[in-house]
Amino acid sequence: MPDLSSKLRIIIAAAILIPILLYWGFSGSPQEHGTPKAPLSEKMDYFVDQAAVKEWDINGKLKQELTTPRLEHSPKEKQNFLIEPKSNLYRSDNSAVNISSETGTVQDDNNRIDLAGNVIVIDNSDARSSKKLTTQALTIYPKKDIAETDLPVNLETERTLMQGTGMDINFNTRVLNLHSRVQGTHQNVD
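Each value, and the rule that gives it
- Residues numbered from 1 in each chain as written.
- Predicted model: local features only at pLDDT ≥ 70, side-chain atom pairs only at ≥ 80, totals over all residues.
- Heavy atoms only, no water.
- Helix = DSSP H or I, 4+ residues; strand = E, 2+ residues; numbered from the N terminus.
- Contact = heavy atoms within 4.5 Å.
- Salt bridge = Lys/Arg side-chain N within 4 Å of Asp/Glu carboxyl O.
- Buried < 20%, exposed > 50% of the residue type's maximum accessible area, 1.4 Å probe, protein only.

Glycine aside, residues mostly have negative phi, and peptide bonds are mostly found in the trans state. Although it is not a glycine, Gln 50 sits at a positive phi angle of roughly 55°. Secondary-structure assignment places Gln 50 in strand S1 (residues 46-56). Of note, the phi angle at Lys 78 is positive, near 55°, even though the residue is not glycine. Among the secondary structure elements, Lys 78 is positioned in the loop between strand S2 (62-74) and strand S3 (79-83).

Printed below as a string of structure tokens:
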């Protein structure tokens, strides 16, 4: 009889342990799952590799084009995150402004673009009077065609180097205002 009791204990233990072991085997142990992650829709609902976006005016003329190796959209923040964005803004006189940076964010309504890291703006309306602006952060308001920063700015032309802290620029009128600590050098033509 003691033999039957031992066998009964083993059968009961197996009946209890086998379902638990099968559950862990098919679904993993509790330690493997860790903390639950937020659903993808809260972080990013889509991404585009090698994105190229173009915008035309009401007459069908190319107004702006943007390229980026990676674009990620966040529905919660209602904006796109860009890696190494490059943008070309075309004016009515057929000149262009080229803008690049290490990162950027663009609001869904396209009212604001924030660029960060090695921001370079090149106004190449005329090869002889091309202007290059560099800073570490720049906020662009596309619908108003203006941009601004509170950080140090360098402005270079063929013969001039200007430096200042803080700046605003109107892309249509090509008027740039340096706000403070302005200094510069100019090289005369011989």
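Structure's up, so let's keep going.
Relative to the helices and strands, Tyr 90 resides in strand S4 (residues 86-90). Apart from residues lying up to four places away in sequence, Tyr 90 is in contact with Leu 62, Lys 63, Gln 64, Glu 65, Ser 95 and Ala 96.

Attention shifts here to the pattern of salt bridges. Enumeration according to the criterion identifies four salt bridges in this entry. The shortest N-O distance in the salt bridge between Asp 49 and Arg 70 comes to 3.0 Å. One end of the pair, Asp 49, is in strand S1; the other, Arg 70, is in strand S2, with 21 residues separating them in the sequence. Owing to a relative accessible area of 23%, Arg 70 belongs among the partly exposed residues under this scheme. Overlapping salt bridges bring together Asp 49, Arg 70 and Glu 72 as one network.

Function cannot be inferred from these measures alone, as they are strictly geometric.
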